[in-house]
Amino acid sequence: MAKVESFQLDHTKVKAPYVRLITVEKGPKGDAITNFDLRLVQPNENAIPTAGLHTIEHLLAGLLRDRMDGVIDCSPFGCRTGFHLIMWGEPTTTEVAKALKSSLEQIANDIKWEDVPGTDITSCGNYRDHSLFSAKQWSRDILEKGISDDPFERNVI
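The protein goes by S-ribosylhomocysteine lyase in an unreviewed UniProt entry, where it is assigned to Secundilactobacillus silagincola. Listed under Subunit (unreviewed entry) in UniProt, the entry text for the protein is "Homodimer." Here is the UniProt Catalytic activity (unreviewed entry) comment for the protein, exactly as written: "S-(5-deoxy-D-ribos-5-yl)-L-homocysteine = (S)-4,5-dihydroxypentane-2,3-dione + L-homocysteine".

Here it is as structure tokens:
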């Protein structure tokens, strides 16, 4: 079986919340696709409940695109500690951390239920499993700790 970079990472050494560059892949025409680890909570110490994580996922899908060009996808980790962010080009971890921070601030302070996209049977595969209350609380907790642009040293942006 192929080795997956994320499973090679020593999860006991990282200091969440952070943004980490996982890899930059180059396509046959030279296009760059960058994969980031948006780690919101400390691995093996915490996990965001599915309803809150699901709502954060739906909101980040739009909020990150509002703040950065080239977002391809933002998908949650199965361990519920954060997200993969896949992008065209090669933005820096600092740029991504600033966009993530601003997005979480909007979730924590401004978003209302009617702002959450994909919360009905026709637009979501598990529309009953959302919690804006949880998404707001987790966003506040993450922001209180600060988001680092380095996974091993706390360099809060």
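Past the structure itself, the notes keep going.
1. What about the pairing of strand S1 (residues 18–26)?
As paired elements, S1 and strand S2 (residues 32–39) share eight bridges and run antiparallel to each other. Within the sheet, the bridge partner assigned to arginine 20 lies in S2 and is aspartate 37. Here S1 hands over to S2 after five residues, with glycine 30 in that stretch at a positive phi of 90°.

2. Topic: the sheet that holds S1
Across the sheet, which stays open at both edges, the four strands sit in the order S1-S2-S4-S3 with antiparallel pairing between neighbours. With partners counted over all chains shown, the strands left at the sheet margins are S1 and strand S3 (71–76), one partner each. Neighbour to neighbour, the strand axes of the sheet diverge by 15° on average, direction disregarded. Against the sheet, helix H3 (residues 93–109) makes contact with S1, S2 and strand S4 (82–88), and its axis sits at roughly 125° relative to S1, the strand it touches most.

The rules behind each value
- Every chain's residues receive numbers from 1 upward, in the order its sequence appears when written.
- With the structure being a predicted model, the display of local features is reserved for residues of pLDDT at least 70 and the display and counting of side-chain atom pairs for 80 or more, all residues being used for whole-chain, interface and lining totals.
- In computing side-chain properties, one takes all heavy atoms of the structure into account and sets aside hydrogens as well as water.
- UniProt positions are given in the numbering used here, feature names are shortened, and annotations may be inferred rather than shown by experiment.
- Each pair of strands is called paired provided DSSP finds at least two bridges between the two strands.
- Helical segments are the DSSP runs of H or I of at least four residues, strand segments are the runs of E of at least two, and each set is numbered from the N terminus.
- The axes used here are C-alpha line fits, helices contributing only the stretch in contact, and every angle between their N-to-C directions lies in the interval 0 to 180 degrees.
- The contact criterion used throughout is that any non-hydrogen atoms of two residues lie within 4.5 Å.

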